Amino acid sequence: MSLPAVLTAAGSSPTPTPSESPTAVTVPSLQDAQESATNAAGWVEENWSTWLAIGLRVLLILVIAAILRVVVRRAITKLIDRMNRTVQAVDGTTLGGLLVNVERRRQRSQAIGSVLRSVASFLILGTAALMVLGTFEINLAPLLASAGVAGVAIGFGARNLVTDFLSGVFMILEDQYGVGDQIDAGVASGEVIEVGLRVTKLRGDNGEIWYVRNGEVKRIGNLSQGWATAGVDVTVKASEDLDRVKATLVEVAEKMNKEEPWNEFLWSPIEVLGLDSVLIDSMVVRVSAKTMPGKSLTVERELRWRIKRAFDAADIRIVGGPTVPPEEDPALDPTAGVAAPSVYSNTASPQAAAASPLTPPASAK
């Protein structure tokens, strides 16, 4: 083969192009894009009804839950307002009407309403959330089983927390105490400054703050509900005239009943109840009165002050105990206070001889 024929054959062979390389990216054509769009549109057309049904169902569930929550919360609010407006007197007496404190009822009803609204919201929204998950065809059985196991574990681990919470709910529902009450909770005592579902805060007599868990309270003594009793025991000598003692006490009581602010603190007149006890050398006269809650100690201090001053003015002696030691005249003999001589001081007495140590016998020489 001649050289021109070889060159002609080489020039006629096609040269490789970049598009023919094995690593080149194939660009989709317009027909491929149109086919993909047609498939997507067909899939949407086939499933849009399902999506619409799911969306409408979820929207309906949320709307019903929101409306039900608003209705229930308003119903609870109206119930609490009716409880505030309905203030009934205890036993139909004026004293019973004073015992029903409007502010205490308001605080109690607000706490109860808050708890009820929270529980209602939790139940309604929780049920709605489960229904929404069920709408998306999510299997709720494993979720509910896991929640049950977690609830049991949390219940065992946080049983004290659950106990505190339930005790706090019943304390509020039963109105056992409120803010401002003076209570004795057993583990601590003082003025209630905050009532919570788990912890109650008390202000002690020395200003300290006690945090008392509601589940730890086994007994509660409320010193601010009802009325208190102020009682004073006056101990006088048995030789005092009882009529004069009673007249002096009645005069002190009548004067104190009319003066301010004691006439507000006293919810009943101060009464002289009579002899509380009679001993050999003394007798105890009891004076008592019903007072405003938390004011019994104040009334007792003032009553003791007035009785002491009145008895001093009437020359009535108040003794310091249930028994009075007999009064004896001082000894006239100056040697009466000198101790008698002991028989042991005489070395020749039999007692001294018996108490003297034994002398060991002398050794023979």
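Scroll up to find the structure.
This report concerns the structure included in the present document. (Residues numbered from 1 in each chain as written. Predicted model: local features only at pLDDT ≥ 70, side-chain atom pairs only at ≥ 80, totals over all residues. Heavy atoms only, no water.)

1. Considering the sheet that holds strand S5 (residues 221-222)
Spelled out, the test is: Strand pairing is assigned whenever DSSP detects at least two bridges linking the two strands. Numbering goes from the N terminus for both helices and strands, where a helix is a DSSP run of H or I of at least four residues and a strand is a run of E of at least two.
Reading across the sheet, the five strands line up as S4-S3-S2-S1-S5 and stay open at both edges, with antiparallel pairing between neighbours. Each of the sheet's edge strands pairs with one partner strand only, and the pair in question is strand S4 (209-213) and S5. Relative to S4, strand S3 (residues 199-203) is paired through five bridges, and the arrangement is antiparallel. Bridge assignment links lysine 201 to a residue of S4, and that residue is tyrosine 211.

2. Structural notes on the packing of aromatic side chains
Condition: Each pair of aromatic rings taken from Phe, Tyr and Trp, with Trp reduced to its six-membered ring, is defined by centres within 6.5 Å and is described as stacked if the planes are under 30 degrees apart, edge-to-face if over 60, and tilted in the remaining cases. Throughout, exposure labels follow a simple rule: accessible area from a 1.4 Å probe, protein chains only, divided by the maximum for the residue type, with under 20% read as buried, over 50% as exposed, and the rest as partly exposed. Working rule: Lys NZ or Arg CZ, within 6 Å of ring centre, within 35 degrees of ring normal, means a charge sits over the ring.
By the definition in use, this model includes one aromatic pair. Judged by centre distance (5.8 Å) and plane angle (80°), the rings of tryptophan 262 and phenylalanine 265 are edge-to-face. Taken together, the residues span about one helical turn, with tryptophan 262 and phenylalanine 265 both in helix H8 (residues 262-265) at a distance of three residues. For phenylalanine 265, a relative accessible area of 16% corresponds to the buried category. Taking NZ or CZ as reference, lysine 290 lies 4.3 Å from the ring centre of tryptophan 227, over its face.

3. Brief notes about the layout of surface pockets
The line we're drawing: Cavities and pockets are found on a 1 Å grid laid over the protein atoms alone: a cavity is a set of points where a 1.4 Å probe fits but cannot escape, a pocket is an open set with protein on both sides within 12 Å along at least five of seven lines, and a lining residue has an atom within 4 Å of such a point. Grid points are joined across faces, edges and corners, and a volume is the space filled by probe spheres set on the points.
The calculated volume of the second largest pocket comes to roughly 290 Å³. Contributing to the lining of the second largest pocket are Thr248, Glu251, Val252, Lys255, Glu259, Glu302, Trp305, Arg306, Arg309, Ala310, Ala313 and Ala314. Listing elements by their share of the lining of the second largest pocket, those giving two or more residues are helix H7 (242-258) and helix H9 (296-313). In terms of residue count, the dominant contributor to the lining of the second largest pocket is H9 (six residues).

Any functional reading would require information that these geometric values do not contain.
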